[in-house]
Amino acid sequence: MADFILPGATAHGAVLATDLALISDNVGNINRIPYPTERTYHLTVPESTKNADHTSLGLVDWILPKPTGTSADYAAFQASLNAAPSGARYFAPQGIYTFTSIPGVPAPSEVHGAGKNPTTGTVFRMANGANLDAVLCDAGWLSLSGSPPAGAAVNYYDFVVDGNRTNQTSGAGHGLVTFGQGATIERIDARNTIGDGIRPSSGTQAGVAMTTSCNEIKVRWCTGFNCGGSAIHFAEFNTSAKLTDGFVNDCVINGNSNGDYGIRIDGAAGHVVSRNHVYAVKKSSYALYRFFGIRCTDNYGEGFGIHATPGTYCCFDLEAGGGLDGGMATISGNQAIGPITAPASGTILYGIAVQASSAVTEASCTITSNILRGRAGVGALSTAILIHNASSSSTFNVVEAHNVIDSAWDVPILIGLLTTVNLASTFNTGQARLVNTTFSATPTILPARVEAAGGLWTMTLTGNVTSMTMTAGRDGQRATFIFTQDATGSRTVAWPASFVNPAAPTSTANAVTAQTFVYVAAISKWVKT
Amino acid sequence: MSNDDEVTDPAAVAAAMQRIADEKQVANELAHRRLDAADAGDTDTVAAVDVEIAECASRLAAAREAAGVSGLPVVGTHYPRMNEIPPDP
């Protein structure tokens, strides 16, 4: 499809000859450039009028040198970047650039390529043995000492960054590194990197943390293939989180069983991660850490947790903490599928893991309308949903409902709570969640775990229960207790004092007794219904 | 007896399915024990439970195979095409 730029409107709405002149070459032809495989609009000019200044249209176009595929590419490319006026909209022609050093793109600007197809588009490739920290980056990443200037973003569109990982022996080996506040990264294909493919970073190349915000970065319609670190990684270097409120949408990632993560966000405060596909990663498909206001919706993950080193890996891994108090997470409409190949022995797998992992006074999340498909017989313990409050001082409010968990998961729902999880869990399907508790004469019952088990708590009585402990539940929470006498029978149960009107279990051998209680917060009692 | 005969033997399948259910209950309790021990910083218990988990996982795999429900789902057959990303329309 050819692109065709119409002139800017005049004050009276007419198209004047002077308007046409702004976008024409010197012989009166309207400038147009064909892009048979791309839909992106580019305002460009012929080589004869290269580097024309169309400031009356609010644009400055700057055509970068054509790629040669040789070691000459870097110097020519960087020199041309530096020669452009501020605010340039660079266009990199089709072909393969081979970089022996890292080009730094001045800000503010835009870099456009001829498409993200590796064979027909614009490709920026790390030269064999260059061992660079990145293929392409914002110039500030190379030189800043910790504070990006406001409004100095570089936007990137329509090209390939190729880390050429098989021909590197050292270096961080990232693809595209950027940090500009509000930057847009669209239709980029990142591939074959040792490190991350697309890496918004709040730290410089030297690892110095930015001191001003570089938030609202948008990554859209990108693809990642065979990236060793993460295909997309928002790398947070500042403990107070400067790389926040970003967007990762409509991206497709194939880790090719070489990448650790699909999409990783270190400071997931205010991010929107939606409508992405992630396939075949070694660790976790989606890793969203230090969540504060994360929306993780309508994503798909297929194949994770196959790292050679056994560990805990997830399709969706979300953790609140890092001083971001009051964290919120909406985890909805996602689909997860277990490992494609067998994980290392000792690996623990979670479909969705949501944790309050460090000191957060109160965190809240919803886990709803997700479909989780496990893989049977992988030899690793697999749990569909983990809700875990690992903080000694946190309250974790969770609604977990309307999720579908298939029979291939070993454990449907696992509730970990060092202190408090306020859980409402309803209307899940796909696998029974009855908890058959091993006999104890002095059981301690955690309401959230009863809730996660469909409101059921069961025990076969092989002896007398001499004391039971059950903490306060959610107001209105229902819990059904099912005691089964063993073949001996006549076992007894000493109910907690907080239970109103409990009955003794039927004493007949093998008899089953069920009683349901509702928690009434106003009187701090479990009342028999 | 062929493998097909084995997996279609209703009694054998039913028995294997019951073993799966039983082992899942064990896995459930082990997972909770491991998490609680990890929260408490009890690394010895975590290590001991990990051994039990590995044994349980092995038994589950065997039971699933006997029930004819083991094996890889038919997934992942399409994503290698990612290496040849087609042109944008």
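Everything below is about the structure printed above this text.
Residues numbered from 1 in each chain as written. Chains lettered and ligands numbered in written order. Predicted model: local features only at pLDDT ≥ 70, side-chain atom pairs only at ≥ 80, totals over all residues. Heavy atoms only, no water.

1. Here we look at the overall build of chain B
This is how it is decided: Secondary structure elements follow DSSP: runs of H or I of four or more residues count as helices, runs of E of two or more count as strands, with numbering from the N terminus. Accessibility here uses a 1.4 Å probe with only protein chains present; expressed as a share of the type maximum, an area under 20% marks a residue as buried, one over 50% as exposed, and anything in between as partly exposed. Residue contacts are defined here by distance: any two heavy atoms, one from each residue, within 4.5 Å place the two residues in contact. Only the protein chains shown count as cover for residues, with accessible areas throughout obtained via the Shrake-Rupley method and a probe of 1.4 Å.
For chain B, the helix and strand inventory stands at three helices and zero strands. From first element to last, N terminus to C terminus, chain B shows the α and β order α-α-α. Within chain B, buried positions represent 34% of all 89 residues. Within chain B, contacts between residues separated by at least 24 positions form 62% of all contacts whose residues are at least 6 apart in sequence. Surface exposure of chain B reaches about 5200 Å², of which carbon and sulfur atoms provide 55%.

2. Points about helix α3 (residues 43-67) of chain B
Here is the rule: By this rule, a helix spans an expected 1.5 Å times one less than how many residues it contains.
With 25 residues, α3 of chain B extends 35 Å from end C-alpha to end C-alpha; this agrees with the ideal 36 Å at 1.5 Å per step. Within α3 of chain B, the full set of buried residues consists of V46, V49, I53, C56, A57, L60, A61, A63, R64 and A67 of chain B. Close packing links the buried residues of α3 of chain B with β32 (381-389) of chain A together with α2 (10-39) of chain B. Among the residues trailing α3 of chain B, G68 of chain B stands out with phi positive, at a value near 75°.

3. Brief notes about the packing of aromatic side chains
Residues and elements named next belong to chain A. The line we're drawing: Aromatic rings from Phe, Tyr and Trp, taking only the six-membered ring of Trp, are treated as a pair when their centres fall within 6.5 Å; an angle between ring planes under 30 degrees marks them as stacked, one over 60 as edge-to-face, and anything in between as tilted.
By the definition in use, this model includes 21 aromatic pairs over all chains. Consider the rings of F77 and F99, whose centres lie 5.1 Å apart with planes at 55°: the pair is tilted. Of this pair, F77 sits in helix α2 (residues 73-83) while F99 sits in strand β6 (residues 95-99); the two residues are 22 residues apart in sequence, bridging distant segments of the chain. When its relative accessible area of 0% is taken as the criterion, F99 is described as buried. Arranged with centres 4.6 Å apart and planes meeting at 10°, the rings of Y286 and F316 form a pair that is stacked. Placement of the pair is Y286 in strand β23 (residues 284-291) and F316 in strand β26 (residues 312-320), with a sequence separation of 30 residues. Considered together, Y286 and F316 belong to a single accessibility category, that of buried residues. Each residue in the set W457, F481, F483, W495, F499, F517, Y519 and W526 is aromatic and connected to the rest through ring pairs, giving one cluster.

4. Quick notes on the nonpolar core
Note the following rule: Buried Ala, Val, Leu, Ile, Met, Phe, Trp, Tyr and Cys residues form a nonpolar core when they are joined through side-chain atoms within 4.5 Å.
Judged by nonpolar contacts, the single largest core of 92 residues is most densely connected at F124, Y156 and V219 of chain A. Looking at which element gives the most residues to this core, the answer is β26 of chain A, with five residues. With residues near it in sequence (within four places) discarded, F124 of chain A still touches F77, A92, Y97, F99, V135, L136, F159, V160, V161 and D162 of chain A. Within the second largest apolar cluster, 20 residues are counted, among which are I348 of chain A together with A16, I20 and L35 of chain B.

5. Concerning the pattern of salt bridges
All names here are of chain A. Selection rule: The salt bridge criterion pairs a side-chain nitrogen of Lys or Arg with a carboxyl oxygen of Asp or Glu, the two atoms within 4 Å.
Counted according to the given criterion, the structure contains 17 salt bridges over all chains. Here D196 ties to R199 by a salt bridge, and the two come within 2.6 Å at their closest N and O atoms. Put simply, R491 and D486 hold a salt bridge, and the shortest N to O gap is 2.7 Å. Connected through salt bridges with shared partners, the residues D158, E186, R187 and R220 form a single ionic network.

6. Digging into α2 of chain A
Three- or four-residue spacings in an α-helix give side chains the same orientation, since the helix completes a turn every 3.6 residues. All names here are of chain A. The criterion, for reference: Taking the helix axis as origin, the arc is that swept by the directions to the C-beta atoms.
The set of residues buried in α2 consists of D73, F77, Q78, S80 and L81. For α2, the arc enclosing every buried residue in end-on projection is 160°, short of the 170-degree limit, so these residues lie on one face. α2 presents N82 and A83 as exposed residues on the side facing more than 90 degrees away from its buried surface.

7. Some words on the pairing of strand β8 (residues 109-112) of chain A
All names here are of chain A. Inclusion rule: Note on pairing: two strands pair once DSSP finds at least 2 bridges between them.
In this structure, strand β5 (residues 89-91) lies alongside β8, joined through three bridges in parallel fashion. The partner of Y90 across the bridge, within β8, is V111. In the sheet, β8 pairs with strand β11 (residues 154-162) via four bridges, with the strands oriented parallel. Its bridge partner being in β11, S109 is matched across the sheet by V154.

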